[in-house]
Amino acid sequence: MTRTSADAPPAPRRRPRAELREVLLDVAERSFARAGYAGVGVREITRDAGVRTATVSEVFGGKRELFRAVLLRRVEPLNAERRARLVGATSLEDVVRAFTEPMLEQAGRPGWADYFRFVAQLSVSALPEQVLVAEEYNAIAATFVGRLQDLYPDARPEAVLDGYLLLVSSSLQLFAGPGRFEYLTEGTPGAPDLATRHGWLVQFVAGGLDTLLRDV
């Protein structure tokens, strides 16, 4: 019996490029957060995304460009919101909140925990690919370091920079969870929620920065 075109199964739907891009970004972000950039290959990413291996090159140009796109997708809007809040910051606590509150607002939304975990990894690594996004991260650092220096004009520049880096690392420890805090408080009645812990973070960082920058 001859099979006609009417009997043939429908051809698989061709996914739009924009859809492929988002799927690959989501899968790569999740994979990098779990195993690190070097621990995940293109074949694994495309397999989990359900696409051909060549799709990464076709959409992004390669793994390095995919890495860059994963980070910029989150950090560009995050830093835009930080800069907007910093405009009205007049106190040290305002500056700290300008940096951390945009993170709090995104926490719990799809993908953001993976982004924070991946950035936490990168913050203590020497991955050469970080140069691909250095401009964006260095620019926001310069903005906040400059504002801290304005608030404490007599502080040593090295201390101001170190204070900013401590702000970054403390923020990532909070938002890259679940981690040690969740493990140690598991089953504890009335364990604080993220918003409460964020308030503690602001108090801790602002208090520590004030002590540091007044004394050096």
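Before reading on, note that the structure itself is shown above.
Draft legend 1. Local environment of the environment of lysine 63. Inspection of the secondary structure assignment puts lysine 63 in helix H4 (residues 63–86). Through-space distance from the C-alpha of lysine 63 to that of tyrosine 37 is 9.3 Å; in sequence the pair is 26 residues apart. Setting aside its immediate chain neighbours within four residues, lysine 63 contacts Phe32, Tyr37, Ala38, Val40, Gly41, Val42 and Val56. Polar side-chain contacts of lysine 63 include one of 2.8 Å to the backbone oxygen of tyrosine 37.

Draft legend 2. Broad picture of the pattern of salt bridges. In the structure shown here, the tally under the stated rule is 18 salt bridges. Of the charged contacts in the structure, one is a salt bridge between arginine 73 and aspartate 26, with a shortest N-O distance of 3.0 Å. One end of the pair, arginine 73, is in helix H4; the other, aspartate 26, is in helix H1 (residues 17–35), with 47 residues separating them in the sequence. Assessed through its relative accessible area of 33%, aspartate 26 is described here as partly exposed. Taken together, the shared-partner salt bridges in this structure form one network comprising Glu81, Arg85, Glu93, Arg97, Glu101 and Glu105.

Draft legend 3. Quick peek at the nonpolar core. Membership of the largest hydrophobic core comes to 61 residues, with the highest contact counts inside it found for Phe32, Phe67, Phe116 and Tyr164. Among the elements that line this core, the one with the most residues is H4, at nine residues. When residues no more than four places from it in sequence are discounted, the contact partners of phenylalanine 67 are Phe32, Tyr37, Phe118, Leu122, Leu127, Glu129, Gln130, Leu132 and Val133.

Draft legend 4. Geometry of the packing of aromatic side chains. One pass over the structure, following the stated rule, counts 11 aromatic pairs. Note on phenylalanine 32 and tyrosine 37: the rings are 5.4 Å apart at their centroids and 55 degrees apart in plane angle, and the pair reads as tilted. By the burial criterion, phenylalanine 32 is buried, and tyrosine 37 matches it. Each residue in the set Phe32, Tyr37, Phe67 and Phe118 is aromatic and connected to the rest through ring pairs, giving one cluster. Just above the ring of tyrosine 37 sits the side chain of lysine 63; from NZ or CZ to the centre is 4.2 Å. We note arginine 197 situated over the ring of phenylalanine 181; from NZ or CZ to the ring centre the distance is 3.7 Å.

Rules of the game
Residues numbered from 1 in each chain as written. Predicted model: local features only at pLDDT ≥ 70, side-chain atom pairs only at ≥ 80, totals over all residues. Heavy atoms only, no water. Helix = DSSP H or I, 4+ residues; strand = E, 2+ residues; numbered from the N terminus. Contact = heavy atoms within 4.5 Å. Polar contact = N/O pair within 3.5 Å; in protein donor to acceptor, adjacent residues only side chain to side chain. Salt bridge = Lys/Arg side-chain N within 4 Å of Asp/Glu carboxyl O. Buried < 20%, exposed > 50% of the residue type's maximum accessible area, 1.4 Å probe, protein only. Core = buried A, V, L, I, M, F, W, Y, C linked by side-chain atoms within 4.5 Å. Phe/Tyr/Trp six-rings, centres within 6.5 Å; stacked < 30°, edge-to-face > 60°. Lys NZ or Arg CZ within 6 Å of the ring centre and 35° of its normal.

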